[in-house]
Amino acid sequence: MVTNSNNYPKVRTKMLQMIEQGQVATSYSSKWNPNSVTDIMDSDRPNSPFTESTCWTFIENLLSDGHELQKVKMRNINKGVAYELIVDPDRTGQGIYIKLQLGSDWLTGLSFHYEVD
């Protein structure tokens, strides 16, 4: 896991606050699909998928642990900015790709799926 807690500290803090306050949403026109990704945090139920709730806990843990954020420009109509987290816990090459967009009132999940080449 790549960690860099100095990487966008204000953004990271704001994202964590929004997750803690439940100010999260998902975009219906996105690739947000936590049910298609095995929940690597759930040792009691191996091979079970993430749920809507557990994926946000996973994201919160990544941000708290200083996982590196990558800033990307959106290519859609609003042409805003989003932040990516790419996680490869087993170093198998099949990472989990997460894209988040930080708004003034909400943290929106845009992508949560296995990374594709």
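## Some points on helix α2 (residues 52–64)
And then number 1: Compared with an ideal rise of 1.5 Å per residue, which puts 13 residues at 18 Å, α2 spans 19 Å between its outermost C-alpha atoms and is within 8% of the ideal.
And then number 2: Residues of α2 that are buried: C55, W56, F58, I59, E60, L62 and L63.
And then number 3: G66 lies just past α2 and shows a positive phi near 85 degrees.

## Some words on the packing of aromatic side chains
And then number 1: Counted under the stated rule, the structure contains six aromatic pairs.
And then number 2: Taken together, a centroid distance of 5.1 Å and an interplanar angle of 45 degrees make the contact between F50 and F58 tilted.
And then number 3: For F50, a relative accessible area of 0% corresponds to the buried category.
And then number 4: In this structure F58 comes out as buried when scored by relative accessible area, which is 5%.

What counts and how
- One numbering rule holds for all chains: residues counted from 1, following each sequence as written.
- The predicted nature of this model means local features are confined to residues of pLDDT at least 70 and side-chain atom pairs, given and counted, to a pLDDT of 80 or more, with totals for whole chains, interfaces and linings taken over all residues.
- Excluding hydrogens and water, the side-chain figures rest on all heavy atoms present in the structure.
- Where helices and strands are cited, they refer to DSSP runs of H or I of at least four residues and of E of at least two residues respectively, numbered from the N terminus.
- A helix's residues, less one, multiplied by 1.5 Å, set its expected span.
- Under the scheme applied here, a residue whose accessible area is under 20% of the maximum for its type counts as buried, over 50% as exposed, and between as partly exposed, the area being computed with a 1.4 Å probe on protein chains only.
- Pairing of aromatic side chains here covers Phe, Tyr and the six-membered ring of Trp, requires ring centres within 6.5 Å, and sorts the geometry by plane angle: under 30 degrees stacked, over 60 edge-to-face, intermediate tilted.

This is a description of form; function is not addressed.
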